[in-house]
Amino acid sequence: MRLLIGKQELARVMAIVGRVVESRNTIPILGNVMLAAAGGGLAVAGADLDIVATASANADIEQDGAVCVDAKLFGDIVKKVGGDISISLEGDKLAVKSGRSRFSLATLPAVAFPTLPDGKYDATFDLDISALFAPVQFAIAVNDNRKFLEGVYFHTKNGVAVAVATNGHRLSRHIGESLPEFRGIIVGPKTVSLLPKGVARVSVSEQKIRVEQGDFTLISNLVDGEYPDYERVIPAGNEFIACADKSDILKASDRVATVSSERGSGVKLTVSSGSIALSVRSQVGAAQDEVQAEYSGEPIEIGFNAIYLRDALQVFPDGQVEIALNDGMSPARITSPVAPLLDVTLMPMRV
């Protein structure tokens, strides 16, 4: 293998695939990227046990070849050198040269690099999948014994794309565009974080998802398990609607949370005609604040996890949000007229 490549091009593809590689590995090959030179370009691949990502860059190829090299070490070199980079395989060492800089790196054979066979996909379509998932991924469960909650549930409902995530205490649902029908899948959080922005070609099966955009390809195994019937959790009959400015509620919640003594503490909302009052009590003190709101129902007091409330509000665009309530002990549903395809359900907590 022998080639010459521009630093910026190589840095770009290393940044893309390098996010797949874990910093600590018990399997040495998983700490490597694979460099494959052929035709008019260099393909760089990174992998873990469930994901393989590949990105390509233009390069002057003098001799085809493939080899694996430590991802962090190679990536650091690419960042620090000053200009075009010459790469060649000399025996079992990878020679990297740029200007007066010279490096000789240990390698592993390309045949040792893991692969995820594509197999057959049930549906293929064009979709901005990153934009569909973005407003729900905050609700993915973390370190949960119910592994099926550790991901985004991606499915179709009446021919329309739907993304859902929940940890059992909060649930976010985002509805997208028309898609061909396919069996619902659960996409893991790391895969979600690697999705490219913009429209991509997406292929799904019951075992894998493949996302292709330009010179980038991501293939990932899916999270095993059957996703729960989330629609039963979303309140459909909450008749008491409070409408207020999202930023006003966020800022007031942040101010009263100043006296919170521990993570995950609660904030109480007292909803009444013309206002939403927010309050927090803790061992170190108490705080109250109030925002203007449109509300004409019976006064309701309800508590939420302060972090969950903040996260839920932040996924909505600036402007008005509507909080639909039933009583102080039932789930609340948050929507917005400026984001009609998004809704978030929050379970109440005692405060």
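This text follows the structure it describes.
Only a predicted model underlies this, so the values are computations on that prediction, with no experimental measurement involved.

Asker: Provide a residue-level description of the overall build of the protein chain, including the pertinent values.
Answerer: The secondary structure content of the protein chain amounts to 6 helices and 25 strands. Oriented by its inertia axes, the alpha-carbon framework of the protein chain measures out at about 80 × 45 × 35 Å. Counting over 351 residues, the protein chain shows a buried share of 49%. Considering only intrachain contacts with a sequence separation of at least 6, the fraction spanning at least 24 residues in the protein chain is 64%. On the protein chain, roughly 17,000 Å² of surface is accessible, and the fraction owed to carbon and sulfur atoms is 48%.

Asker: Can you break down the sheet that holds strand β18 (residues 240-245) residue by residue, with the values?
Answerer: The strand order across the open sheet formed by 8 strands is β14-β11-β12-β13-β25-β24-β23-β18, and the pairing between neighbours is antiparallel. Looking at which strands have only one partner, the edges of the open sheet turn out to be β14 (185-187) and β18. Each strand of the sheet is rotated relative to its neighbour by a mean of 25°, with strand direction disregarded. Taken together, the 3 bridges between strand β23 (residues 320-325) and strand β24 (residues 332-335) define a ladder with antiparallel strand orientation. Paired with glutamate 322 across the two strands is threonine 335, which belongs to β24. Across the sheet, helix α5 (residues 246-256) lies against β18 and β23, angled at about 85° from β18, the strand it touches most. Against the sheet, helix α6 (residues 306-314) touches β13 (170-178), β23, β24 and β25 (342-346), its axis set at about 175° to β25.

Asker: Could you give an account of the layout of surface pockets, naming the residues involved and the relevant values?
Answerer: Over the atoms, a rolled probe matching the size of one water molecule traces out where space is still vacant. Considered as a void within the structure, the largest pocket measures approximately 360 Å³ in volume. Surrounding the largest pocket, 17 residues form its lining, Met14, Gly18, Ala71, Lys72 and Gly75 being those nearest its centre. Only α1 (7-18) and α2 (71-80) provide two or more residues apiece to the lining of the largest pocket. A per-element tally of the lining of the largest pocket places α2 first, with 6 residues. In terms of residue class, the lining of the largest pocket is built from 7 nonpolar, 5 polar and 5 charged.

Asker: Explain unusual backbone geometry residue by residue, including any values.
Answerer: The phi dihedral of asparagine 143 falls on the positive side, at around 50°, and the residue is not glycine. In this structure, asparagine 143 sits in the loop between α3 (129-133) and β11 (152-157). Not every positive phi belongs to a glycine, and asparagine 158 is a case in point at roughly 55°. Structurally, asparagine 158 can be placed in the loop between β11 and β12 (160-166).

Asker: Go over the pattern of salt bridges with me, naming the residues and quoting the values.
Answerer: All chains considered together, the criterion is met by 20 salt bridges. Residues arginine 12 and glutamate 9 are paired through a salt bridge, measuring 3.1 Å at the closest nitrogen-oxygen approach. On the criterion of helical spacing, the pair formed by arginine 12 and glutamate 9 is a turn pair, its members being 3 residues apart in helix α1. With a relative accessible area of 30%, arginine 12 lands in the partly exposed category. As a salt-bridge pair, aspartate 118 and arginine 210 come within 2.5 Å of each other at their nearest N and O atoms. With aspartate 118 in the loop between β9 (101-109) and β10 (123-127) and arginine 210 in strand β16 (residues 208-213), this pair connects stretches of sequence that are 92 residues apart. Residue class for aspartate 118 comes out partly exposed when judged on its relative accessible area of 28%.

Asker: Explain the environment of aspartate 64 to me, and be specific about the residues and the numbers.
Answerer: Take aspartate 64: it is sitting in the loop between β5 (60-63) and β6 (65-70). C-alpha of aspartate 64 to C-alpha of valine 111: the two residues are 47 residues apart in sequence and 15 Å apart in space. In contact with aspartate 64, other than residues within four places in its own chain, are Met1, Ala37, Ala38 and Gly39.

Asker: Any details on the sheet that holds strand β19 (residues 266-272)? Residues and values, ideally.
Answerer: Within the open sheet, the 4 strands sit side by side as β21-β20-β19-β22. Their pairing is antiparallel. The sheet is open, and its two edges are formed by β21 (285-292) and β22 (300-305), each paired on a single side. Pairs of neighbouring strands in the sheet enclose a mean axial angle of 20°, with direction left out of account. Where β19 meets strand β20 (residues 275-282), 5 bridges bridge the pair, whose relative direction is antiparallel. In the sheet register, lysine 268 faces β20, and the bridge partner there is serine 279. Across the face of the sheet, α6 comes into contact with β19 and β22 while running at roughly 90° to β22.

The rules behind each value
Along each chain, residue indices are assigned from 1 in the same order as the chain's sequence is written. A pLDDT threshold of at least 70 governs which residues receive local features in this predicted model, and a stricter bar of 80 or more applies before side-chain atom pairs are shown or counted, although totals over entire chains, interfaces and linings include all residues. Only heavy atoms go into the side-chain values, all of them from the structure, while hydrogens and water stay out. Runs of E in the DSSP output that reach at least two residues are strands. Runs of H or I that reach at least four are helices, and both are numbered from the N terminus. Categorising residues by exposure relies on relative accessible area from a 1.4 Å probe, with only protein chains included: less than 20% of the type maximum marks a residue as buried, more than 50% marks it as exposed, and the intermediate range marks it as partly exposed. For this analysis, residues touch if any pair of their heavy atoms sits within 4.5 Å. All accessible-area figures derive from a Shrake-Rupley calculation using a 1.4 Å probe, and residue coverage is judged against the displayed protein chains alone. Between any two strands, at least two bridges found by DSSP are needed for them to pair. Lines fitted to C-alpha atoms define the axes, with helix axes restricted to the stretch in contact, and inter-axis angles between N-to-C directions lie between 0 and 180 degrees. A 1.4 Å probe that fits but cannot get out identifies a cavity on a 1 Å grid over protein atoms alone, an open set with protein on both sides within 12 Å along at least five of seven lines counts as a pocket, and a residue lines either if it has an atom within 4 Å of a point. Grid points are joined across faces, edges and corners, and a volume is the space filled by probe spheres set on the points. Residues are grouped as follows: nonpolar covers Ala, Val, Leu, Ile, Met, Phe, Trp, Tyr, Cys and Pro; charged covers Asp, Glu, Lys and Arg; every other residue, Gly included, is treated as polar. One side-chain nitrogen of Lys or Arg within 4 Å of one carboxyl oxygen of Asp or Glu is enough to make a salt bridge.

These figures capture arrangement, not role.
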